[in-house]
Amino acid sequence: MPNIADLRQTYEAPPFLESDVPETPLPLFEQWFEAAVDAGVTEPNAMALATVSAEGQPANRIVLLKGLDDGFLFYTNYESNKARDLAARPRAALVFWWEALHRQVRIEGTVEKVSAETSDAYFSSRPRGSRLGAWASDQSRVIPNRDVLTERKHQLDAEHPEDAPIPRPPHWGGYRVRPSRIEFWQGQPSRLHDRLVYRLDGDKWTLERLAP
């Protein structure tokens, strides 16, 4: 095993200045996201989602961003651990890490369910296997073995021929994280990184620079 303390990455990038950014954060996020796609980042929409349970236990996992409007959209089982956390404490934090660009985006905000129509539209766009998988898996529940999943999938395959519609499960749908704070981090030499933070004050965004 390598010496973990000796693992280092040198960051090089042009200065990231307040004069270079828009007045609100979402257009900047779109610019950075498109740059990550253009750079060939693997799954640029992968984001860490942090929640806190009713008992105060934090948890984190990777989910996929599946939409952007006035918030960040993702989809999941409404009976999963993350959904139970969000029902108890409807706030969350997200992190995107795009190593190829030496960039990180951190988001904090409130969470709400998206409309049934929005969830229906996204569900119908998913591959058939993914739609069946949403029915087959009791997400976060203990199961005895993998055979439970494969047998359930075979049963659903038989119940839904290739051309048959597959309705969205009532326990599955989307969430929107409405941001109140977004930090854009750009790696720089000598660990003097750029950190620009947008904070929502009422209905207006303010911009601040943080020391790295």
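Before reading further, recall that the structure is shown in the block above.
Residues numbered from 1 in each chain as written. Predicted model: local features only at pLDDT ≥ 70, side-chain atom pairs only at ≥ 80, totals over all residues. Heavy atoms only, no water.

1. Points about unusual backbone geometry
Okay, step 1: Positive phi, normally seen in glycine, also occurs at E43, with a value near 45°.
Okay, step 2: For E43, the position within the fold is in the loop between α1 (25–38) and β1 (46–52).
Okay, step 3: Even without being glycine, S190 reaches a positive phi, approximately 60°.
Okay, step 4: Residue position: S190 is located in the loop between β7 (172–186) and β8 (194–201).
Okay, step 5: With relative accessibility at 65%, the residue S190 sits in the exposed group. (Helix = DSSP H or I, 4+ residues; strand = E, 2+ residues; numbered from the N terminus. Buried < 20%, exposed > 50% of the residue type's maximum accessible area, 1.4 Å probe, protein only.)

2. Considerations on the environment of W98
Okay, step 1: With respect to the helices and strands, the residue W98 is situated in strand β5 (residues 91–98).
Okay, step 2: Owing to a relative accessible area of 1%, W98 belongs among the buried residues under this scheme.
Okay, step 3: Along the backbone, W98 and E112 are 14 residues apart, and their C-alpha atoms lie at a distance of 26 Å.
Okay, step 4: Those residues in contact with W98 that sit more than four places away from it in its chain are F29, W32, F33, A36, V41, P44, R103 and V105. (Contact = heavy atoms within 4.5 Å.)

3. A closer look at the packing of aromatic side chains
Okay, step 1: Using the criterion set out here, one finds 19 aromatic pairs in the structure.
Okay, step 2: With centroids separated by 5.0 Å and ring planes inclined at 85°, the aromatic side chains of F29 and F72 adopt a geometry described as edge-to-face. Of this pair, F29 sits in helix α1 while F72 sits in strand β4 (residues 72–77), placing them 43 residues apart in sequence.
Okay, step 3: Arranged with centres 6.1 Å apart and planes meeting at 10°, the rings of Y122 and W172 form a pair that is stacked. Placement of Y122 in helix α3 (residues 116–125) and of W172 in strand β7 is noted, with a sequence separation of 50 residues between them. Just as Y122 is buried, W172 falls in that class too.
Okay, step 4: Here the aromatic residues F16, W32, F184, Y198 and W205 are joined through ring pairs into a cluster of three or more. (Phe/Tyr/Trp six-rings, centres within 6.5 Å; stacked < 30°, edge-to-face > 60°.)

4. Structural notes on the layout of surface pockets
Okay, step 1: Space inside the largest pocket adds up to approximately 290 Å³.
Okay, step 2: Along the walls of the largest pocket sit 16 residues, with Y75, T76, R126, Q139 and W172 positioned nearest its centre.
Okay, step 3: The set of elements that each furnish at least two residues to the lining of the largest pocket consists of β2 (58–64), β4 and α4 (128–136).
Okay, step 4: Here the lining of the largest pocket is composed, by residue class, of eight nonpolar, five polar and three charged. (1 Å grid on protein atoms, 1.4 Å probe; cavity = no way out; pocket = protein on both sides within 12 Å on 5 of 7 lines; lining within 4 Å. Points joined across faces, edges and corners; volume = space filled by probe spheres on them. Nonpolar A, V, L, I, M, F, W, Y, C, P; charged D, E, K, R; others polar.)

5. Quick word on the nonpolar core
Okay, step 1: Core analysis: the biggest nonpolar cluster contains 30 residues, and F29, F72, F74, F96, W98, V105 and F184 have the highest contact counts within it.
Okay, step 2: Among the secondary structure elements, those contributing two or more residues to this core are α1, β1, β4, α2 (81–88), β5, β6 (103–113), β7 and β8.
Okay, step 3: Top contributing element to this core by residue count: α1, with five residues.
Okay, step 4: Among all residues touching F72, those that are not within four sequence positions of it are L26, F29, L65, G67, L94, F96, I107, Y175, R176, V177, P179 and I182. (Core = buried A, V, L, I, M, F, W, Y, C linked by side-chain atoms within 4.5 Å.)

6. Remarks on α3
Okay, step 1: When we look at burial in α3, the residues that qualify are S119, Y122 and F123. The arc that holds the buried residues of α3, viewed along the axis, is 100°, so those residues lie on one side. Turned more than 90 degrees from where α3 packs its buried face, E117 and S125 sit exposed.
Okay, step 2: Those residues of α3 hidden inside the fold are in contact with β4, α4 and β7. (Arc of directions from axis to C-beta.)

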